[in-house]
Amino acid sequence: MTVIDKVAPEGSKAGERVSPRPTFRHRLSRWDVKVSPYLYVAPFFIVFGIVGLFPLLYTAYVSLFKWKAGGDDPDFIGLDNYKDLFADSQFWNALVNTISIFLLSSVPQLIIAVMLAALLGARLRGATGWRVGILLPYAASLVSIGIIFANLFGSKYGLINGVLQTLGLDPIDWQANRFASHVAIAIMVNWRWTGYNALIVLAAMQAIPKELHEAALIDGAGLWRRFFNVTLPLLKPTLIFVTITSTIGGLQIFTEPKLFDAMPGSNNGGSTNQFQTVTLYLYQMAFENSSLGYASAIAWVLFLVIVLIALVNFFLTGRLARTPAVKKK
Amino acid sequence: MRTIRNSLVLALGITMTALGATACNGGGGDQQTPAAAAPNEHVDLTLATFTEFGYEALIPEYERLHPNIKITHRKTGQGGPYHQELTTKLAAGSGLADVTALEEGHLSDFLDKGSKFNDLSKIGPADASPDRWLGWKYDAAKTKDGKVIGYGTDIGPLAMCYRKDMFKNAGLPDDPEAVKPLFATWDSYFQAGADYSKKTGKAWFDSAAQNFNAMVNQLPEGYINTDDKLAVETNQGIKDAWTKVTDAVAKGESAKLTAFSPEWNTGFKQGAFATKVCPSWMLGVIKEQAGPENANKWAVTAAFPGGGGNWGGSYLTVPTQSKHPKEAAELAAWLTAPEQQIKAFQAKGNFPSQVKALTDPALLSQTDAYFGGAKIGELFAEQAKKVQKPQYKGPGDGQIQENASSPALQAVEQGKSAADGWNQMVESAKKITR
């Protein structure tokens, strides 16, 4: 079509010998380049397929049955579990609780984590000590944390109510009051995860080249300006990662509300399910009620909710930390 | 269909998300007349228990008496997870111990799956006859078609515990004999509580749910009637118990402490309530939670509102999964024989359920210094004989108690009206049995 096309030789140039067949070694090395990478990554995908993808799909399959653990043959009921689920007020209640606890934990947690990281990045005496220090809550056993916090937030003899009463304030019934119970659980989550997230953000912060800050400094940017216009935009990929991992963790929250319940071993999430999360409800349906089909339907709806909220977060975080367009005068 | 279901079971085992499976008995689950092993053939038996059964010293003794038998004891801490795992393994068709312990509160759910347990009245040794046990204890482990799936271990006869010092301060009698009239009926008990709370401004009992459970347990039928239908709304006894308990809550008689919560434990130390429904095993709980500083303040008396009752106790079963059911049944019978029940009682305080053990001097002479030297062996033996017959508990009974009635009563204690609480209980119970 064009001139260039015509210039391209058809294959046999005078004087250049093209070997008619590549040698075996040659072919082997070409295969090596082409195929080996797939072999190297394959183990992950095989393991993921067995312990990740298969259960996911199998759960979808189970959710189409009325399936009682230890009962007779499961009955195929199509999408009835999902129909029941969408009409189940306890499920919606659990979903609202989950999102409420998630917002109360993730939002302050990430803001504080970024601020903590900024502080830890400053010149500190014994920097490593401080950095390890904020990770300690993460290393503590979740069960013991749960028991300690349940004691702190006890309605009659809890330490926090004791302090409130000493200050002349009314005690709060952390168990009975729906919002108070969400706050208490969120505090438990934040206490554990803030330091963990702060360290990830700190690592990303330290990877920002000093020159950028120096250049901004020379341009006359103050501390805040540099933080918002240099640090935050460059942290964007890390913030997206941290937001998505905490979305997944936050929406699957299970141990904290379970241990917060005064009734030992209860999955009710309080006397009127005021802090029952979706995962607790799922667990109750699967193991106390033996309704495997229904529990599977909950699991799938929760999965979709997590994907949806993770996507929303992805876009929100992207907008938040977007490099602002340089204003032209 | 069988192969399909088998592969489903396998798949479920892998998933870890959707746990448990269909009624598929991995291997020969239908065997009814198991063959005994040859007399000197080596046999490995497993025994699964939870919390404390007091079998640590008994197992080596049994192995000494039976040189060809080797016992592996699997001991688990908490009852709740233990029974969930049991359900899963029962459904999966493998993994259960040859002798598997079952708690009374979970029994109804397993009686419902009676086909997966050996009938001990058929395969057990001849000396493990029904008359060994208290009648109601033995009968409670019978399925509807008359199979006996478990040998009774301990029991939890109910008595009443109270704080002597708090009674005295309120002008009530405090001698164990003199307080008995207060605990004659539930009406007299709640009336005394109303007076006490009015006078002192303090709570009479620890939590509404604890008393309600004891009251419902005394009825001939529980939440589920003998047709296996939900009877919460139709059983007048349940409604009456609800009314009495919630009235008492309204009069300030409840300390509103959820049983076994950290707050409840602190409540014992603080003297937050004056009385406590007391199964025999509760004495240990009180001692531990109230601590040495409250020694001699607590007392126990051989009286319980409405006669007697039982709360707690376990059974030893032999699942059909067992490869050596005959030997397993022999071990279970031996462990629950009077002599061994007395030893378990001496080791861990588990109260015996065998008639002969209840008249044993070792039991009757047992006193407790913490409770003012009360003759607790004799006292609880007396209370155990007051229990008439086992309550019929249908499938889901335990779950209704845990997830319908107890939370609803807790909600009433947290400020919900009694009528709304009742509706909450009925709705939750309906959902559980759906």
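In case you missed it, the structure is sitting above this.
Residues numbered from 1 in each chain as written. Chains lettered and ligands numbered in written order. Predicted model: local features only at pLDDT ≥ 70, side-chain atom pairs only at ≥ 80, totals over all residues. Heavy atoms only, no water.

**Overview of the overall build of chain B**
For chain B, the count of helices and strands is 19 helices and ten strands. Its C-alpha atoms give chain B a radius of gyration of 23 Å, near enough to 22 Å, the size a compact globule of 434 residues would have. Across its three principal axes, chain B shows a C-alpha extent of roughly 70 × 50 × 35 Å. Burial statistics for chain B: of 434 residues in total, 57% are counted as buried. For chain B, long-range pairs separated by at least 24 residues make up 74% of all intrachain contacts whose partners lie at least 6 apart in sequence. Accessible surface computed for chain B: about 17,300 Å², of which carbon and sulfur atoms make up 52%. Positive and negative side-chain charges in chain B, numbering 45 and 48 respectively, have mean positions lying 2 Å apart. (Helix = DSSP H or I, 4+ residues; strand = E, 2+ residues; numbered from the N terminus. Rg over C-alpha atoms; globule rule 2.2 N^0.38 Å. Buried < 20%, exposed > 50% of the residue type's maximum accessible area, 1.4 Å probe, protein only. Contact = heavy atoms within 4.5 Å. Areas by Shrake-Rupley, 256 points an atom, 1.4 Å probe, with all protein chains shown as cover. Lys, Arg positive; Asp, Glu negative; His and termini not counted. Charge placed at Lys NZ, Arg CZ, Asp CG, Glu CD.)

**Regarding helix α12 (residues 282-290) of chain B**
Residue and element names in this part refer to chain B. Within the sequence span of α12, burial applies to M282, L283, V285, I286, Q289 and A290. For α12, the buried positions fall inside an angular range of 160° around the axis, keeping them on one side. Buried residues along α12 sit in contact with β6 (158-163), α9 (208-217), α11 (262-270), β7 (275-279), β8 (298-301) and α17 (376-385). Within two residues after α12, G291 carries a phi angle of roughly 80°, on the positive side. (Arc of directions from axis to C-beta.)

**Some points on the packing of aromatic side chains**
Residue and element names in this part refer to chain A. All told, the structure shown has 54 aromatic pairs over all chains when counted by the stated rule. Consider the rings of F44 and F48, whose centres lie 6.0 Å apart with planes at 15°: the pair is stacked. Highlighted residues: F44 and F48, both in helix α2 (residues 24-62), separated by four residues, approximately one helical turn. Residue F44 is classed as exposed on the basis of its relative accessible area of 51%. A relative accessible area of 40% places F48 in the partly exposed class. (Phe/Tyr/Trp six-rings, centres within 6.5 Å; stacked < 30°, edge-to-face > 60°.)

**So, empty space enclosed by the protein**
Residues and elements named next belong to chain B. Tallied over the full model, the rule gives three cavities of 30 Å³ or more. What the largest cavity holds in volume is close to 80 Å³. Every residue along the wall of the largest cavity is listed here: F53, Y55, T153, D154, L335, Q341, A344, N350, F351 and P352. In terms of residue class, the lining of the largest cavity is built from six nonpolar, three polar and one charged. (1 Å grid on protein atoms, 1.4 Å probe; cavity = no way out; pocket = protein on both sides within 12 Å on 5 of 7 lines; lining within 4 Å. Points joined across faces, edges and corners; volume = space filled by probe spheres on them. Nonpolar A, V, L, I, M, F, W, Y, C, P; charged D, E, K, R; others polar.)

**A few points about unusual backbone geometry**
Within the chain, N273(A) stands out as a residue other than glycine whose phi angle is a positive 60°. Notably, F260(B) is not glycine yet its phi reads approximately 70°, a positive angle. The topology assignment puts F260(B) in the loop between α10 (236-250) and α11. Judged by relative accessible area, which is 39%, F260(B) ranks as partly exposed.

**Side note on the nonpolar core**
Residue and element names in this part refer to chain B. Within the largest apolar cluster, 48 residues are counted, with the highest numbers of intra-cluster contacts made by F183, W204, F212 and M425. Breaking this core down by element, the ones donating at least two residues are β6, α7 (164-169), α8 (186-200), α9, α10, α18 (397-413) and α19 (418-433). With sequence-adjacent residues up to four places away left out, F212 is seen in contact with Y223, I238, A241, W242, V245, S405, L409 and M425. L47, V99, I123 and L316 belong to the second largest nonpolar core, which has 44 residues in total. (Core = buried A, V, L, I, M, F, W, Y, C linked by side-chain atoms within 4.5 Å.)

**Brief notes about helix α14 (residues 338-348) of chain B**
Residue and element names in this part refer to chain B. Taken together, the buried positions of α14 are occupied by P338, Q340, Q341, I342, A344 and F345. Contacts from the buried residues of α14 go to α2 (58-65), β4 (150-152), α13 (325-335), β10 (351-352), α15 (355-358) and α16 (361-364). Just past α14, the residue G349 takes up positive phi, approximately 80°.

**Some words on the layout of surface pockets**
Rolled over the atoms, a probe with the dimensions of a water molecule shows which regions are left empty. All names here are of chain A. Here the second largest pocket defines a volume of roughly 1,400 Å³. What lines the second largest pocket is a set of 36 residues, among which V114, A118, M205, F227 and T231 lie closest to the centre. For the lining of the second largest pocket, the elements supplying multiple residues, two or more each, are α4 (89-121), α8 (178-206), α9 (210-218), α10 (223-251) and α13 (292-320). Of the residues belonging to the lining of the second largest pocket, the class tally is 24 nonpolar, eight polar and four charged.

**Section: the packing of helix α6 (residues 142-152) of chain A against α8(A)**
Residue and element names in this part refer to chain A. Running from N to C, α6 and α8 cross one another at 140°; their axes reach a closest spacing of 11 Å. One way to sum up the angle between α6 and α8 is to call them oblique. Between α6 and α8 lies a crossing whose hand is right-handed. Here α6 contributes L142, I145, G146 and F149 to the contact with α8, which in turn contributes I187, M188, W191 and R192. Its residues assigned to classes, the contact of α6 with α8 shows six nonpolar, one polar and one charged. (Axes fitted to C-alpha atoms, helices over the stretch in contact; angles between N-to-C directions. Parallel < 35°, antiparallel > 145°, perpendicular 65-115°, else oblique. Left-handed = near helix turned anticlockwise from the far one by under 90°.)

**Things to note about the pairing of strand β1 (residues 43-50) of chain B**
Residues and elements named next belong to chain B. Burial runs high along β1: seven of the eight residues are buried. With eight bridges joining them, β1 and strand β2 (residues 69-76) adopt parallel strand pairing. Bridge pairing links T46 to T72 in β2. Two strands pair when backbone bridges link them, and β1 and strand β3 (residues 99-103) are joined in this way by two bridges, in the parallel orientation. If you follow L47 over to β3, its bridge partner there is V99. (Pairing = 2+ DSSP bridges.)

**Description of the pairing of strand β9 (residues 314-317) of chain B**
All names here are of chain B. Burial along β9 is two-sided: the residues S314 and L316 and Y315 and T317 are all buried. Relative to β9, β3 runs antiparallel, the two sharing four bridges. Bridge pairing in β9 links T100 to T317.

**Considerations on the sheet that holds β3(B)**
All names here are of chain B. Ordered in space as β2-β1-β3-β9-β4, the five strands form an open sheet in which the pairing is mixed. Strands at the two margins of the open sheet, each flanked by one partner only, are β2 and β4. Here the strands of the sheet are splayed against their neighbours by 25° on average, with no regard to which way each runs. Against the sheet, α2 makes contact with β1 and β2, and its axis sits at roughly 165° relative to β2, the strand it touches most. In the packing of α13 onto the sheet, the strands contacted are β1, β2, β3, β4 and β9, and the crossing angle to β1 comes to about 45°.

**Comments concerning a nonpolar patch on the surface**
On the surface, F24(A), L28(A), W31(A), V35(A), L39(A) and Y40(A) cluster together to form a nonpolar patch covering roughly 700 Å² of accessible area. With respect to the secondary-structure elements, V35(A) resides in helix α2. (Patch = residues over 30% accessible without salt bridge, like charges linked within 9 Å, V, L, I, M, F, W, Y side chains within 5 Å. Salt bridge = Lys/Arg side-chain N within 4 Å of Asp/Glu carboxyl O.)

**Observations concerning the sheet that holds β6(B)**
Residues and elements named next belong to chain B. Taken in spatial order, the three strands line up as β7-β6-β8 in an open sheet, and their pairing is antiparallel. Edge positions in the open sheet fall to β7 and β8, since each of these has one partner strand only. Strand-to-strand twist of the sheet, defined as the mean angle between neighbouring strand axes without regard to direction, takes the value 30°. Both β6 and β8 contribute to a ladder of four bridges, which runs antiparallel. When the sheet's bridge partners are listed, Y162 is paired in β8 with A299. The sheet strands contacting α12 are β6, β7 and β8, and the helix crosses β7 at an angle near 135°.

**Focus: the packing of helix α5 (residues 127-139) of chain A against α8(A)**
Residues and elements named next belong to chain A. At a minimum axis separation of 6 Å, α5 and α8 run at an interaxial angle of 140°. In this view, α5 runs oblique relative to α8, as classed from their interaxial angle. The two elements α5 and α8 cross, and the hand of that crossing is left-handed. Taking contact as the criterion, the partners of R131, I134, L135, P137 and Y138 in α5 are, on α8, W191, R192, W193, G195, Y196, A198, L199, L202 and Q206.

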